[in-house]
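One letter stands for each residue in the lines below.
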Amino acid sequence: MKTLGEFIVEKQHDFPHATGELTALISAIKLGAKVIHRDINKAGLVDILGTSGVENIQGEQQMKLDLFANEKLKSALKARGIVAGIASEEEDEFVIFEGVEDGKYVVLMDPLDGSSNIDVNVSVGTIFSIYHRITPTGTPVTEEDFMQPGTQQVAAGYVVYGSSTMLVYTTGHGVHAFTYDPSLGLFCLSQERMTFPPQGSTYSINEGYYSRFPKGVKRYIKFCQEDDEASRRPYTSRYIGSLVADFHRNLLKGGIYLYPSTAQYPNGKLRLLYECNPMAFLAEQAGGKASDGANRILELKPQTIHQRSPFFVGNTSMVDDVERFMRENPEQA
Ligand code: P6P
């Protein structure tokens, strides 16, 4: 058994340029995940179910646990003294950590993705994305530090709070998974260098919105449902309504997650900076692909912190298929 802490230190020796600070940063996220795990598993017992009565900048109801997770992760990250600021789905603007102007890193996060599932006991997740700041240390971070393309990520990962709680991360040297053992309070290595299986046969999309999808996506969905034994079609349809849970299953079993633009979300629903980019980094490190239907997600230049993007992520061959149908059917509806 190897713990997350031991693994990071071991890997740190493999990469002399790595600093102990990144180790401390991922440990802060580990601590936040343990606290969130504890409270998610009590959700039915204490007053943290339901909405907070507050809307976030997206106009979405903030769940009590969203705000709880956000605060716990913020305090864990600030306490390490190496993160100069964060951007979060739960924060209208980026947050400067006063007194940590020397921090070398910024963190972007979705503290509790899929939180509407909490009240119905369905898996949810935490998503994080780590960058070196680009403004000089010793000064407060600026928006510029948070507007970097996904290719600049130093590390990224997620925690999936499911039948077990798992932390999955990459620093650009493969994707590694750790399972939480609550009896020990430790995340233990469960899979090193995770990769997508050679061929995927699951597609994850909210087909209830079919009529609102671009024509290329509609054609792809029909393609998934056609009989073709050689390509393992018809594919299985699996959609949990929680990006982290759907992504995690597709990473293990092979598949593709799709959230296209729709009439309701003309730029897609998922946020580029703290949902698409970290999952795209992981996908590419696991031999997969992430696209907005035409472009590599990681190369998109962010314009605003909460900007959205159409998102197609999973086995490379499946994402290639979607891009082909989008090229052949450029009509929006
Ligand atoms: P819909 C959760 O709100 C989320 O951001 C993802 O985790 C999830 O895949 C998607 O939105 C679900 O959206 O519109 O299908 O309910």
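Residues numbered from 1 in each chain as written. Predicted model: local features only at pLDDT ≥ 70, side-chain atom pairs only at ≥ 80, totals over all residues. Heavy atoms only, no water.

> Could you give an account of the sheet that holds strand E9 (residues 175–181), naming the residues involved and the relevant values?
Spatially, the 8 strands line up as an open sheet ordered E4-E3-E5-E6-E7-E8-E9-E10, and their pairing is mixed. Each edge of the open sheet carries a strand with a single partner, namely strand E4 (95–96) and strand E10 (186–191). Summarising the sheet, E9 and E10 pair through 5 bridges and their orientation is antiparallel. Within the sheet, the bridge partner assigned to tyrosine 180 lies in E10 and is phenylalanine 187. Its contacts with the sheet put helix H3 (residues 64–79) on strand E3 (83–88), strand E5 (105–113) and strand E6 (124–132), and the angle it makes with E5 is roughly 155 degrees. (Pairing = 2+ DSSP bridges. Helix = DSSP H or I, 4+ residues; strand = E, 2+ residues; numbered from the N terminus. Contact = heavy atoms within 4.5 Å. Axes fitted to C-alpha atoms, helices over the stretch in contact; angles between N-to-C directions.)

> Residue-level account of the UniProt feature "binding site: Mg(2+) 1" (unreviewed entry) in the chain, with values.
UniProt annotation of "binding site: Mg(2+) 1" (unreviewed entry) refers to Glu89, Asp110 and Leu112 when read in the numbering used here. Across 24 residues, the annotated set stays spatially compact, with a maximum C-alpha separation of 8.9 Å. Residue position: aspartate 110 is located in strand E5. Under the relative-accessibility criterion, aspartate 110 is labelled buried at 0%. Positionally, leucine 112 belongs in strand E5. The class for leucine 112 is buried, based on a relative accessible area of 0%. Apart from residues no more than four positions distant in its own chain, leucine 112 is found in contact with Ile36, Ile40, Leu65, Asp66, Ala69, Ile118, Val124, Gly125, Thr126 and Tyr161. (UniProt positions renumbered as here; feature names shortened; annotations may be inferred. Buried < 20%, exposed > 50% of the residue type's maximum accessible area, 1.4 Å probe, protein only.)

> Break down the pattern of salt bridges for me, citing the residues and quoting the values.
What the rule picks out here adds up to 17 salt bridges. Notably, a salt bridge pairs arginine 38 with aspartate 39, separated by 2.7 Å at the nearest N-O pair. Taking the relative accessible area as the measure of exposure, aspartate 39 reaches 7% and is therefore buried. Glutamate 226 is paired through a salt bridge with arginine 233; the nearest N and O atoms lie 3.1 Å apart. Residue classification places arginine 233 among the buried residues on the basis of a relative accessible area of 9%. Bridged by salt links that share partners, the residues Lys2, Glu10, Lys11 and Glu192 form one connected network. (Salt bridge = Lys/Arg side-chain N within 4 Å of Asp/Glu carboxyl O.)

> Explain the sheet that holds strand E13 (residues 256–259) to me, and be specific about the residues and the numbers.
Here we have 5 strands laid out as an open sheet, ordered E12-E11-E13-E15-E14, and mixed in their pairing. Across the chains shown, the open sheet's two edge strands, defined by having one partner strand only, are strand E12 (236–237) and strand E14 (289–291). Where strand E11 (residues 202–204) meets E12, 2 bridges bridge the pair, whose relative direction is parallel. Within the sheet, the bridge partner assigned to tyrosine 203 lies in E12 and is serine 237. Here helix H6 (residues 243–253) sits on the sheet and contacts E11, E13 and strand E15 (311–314); the angle it forms with E11, its principal contact strand, is near 165 degrees.

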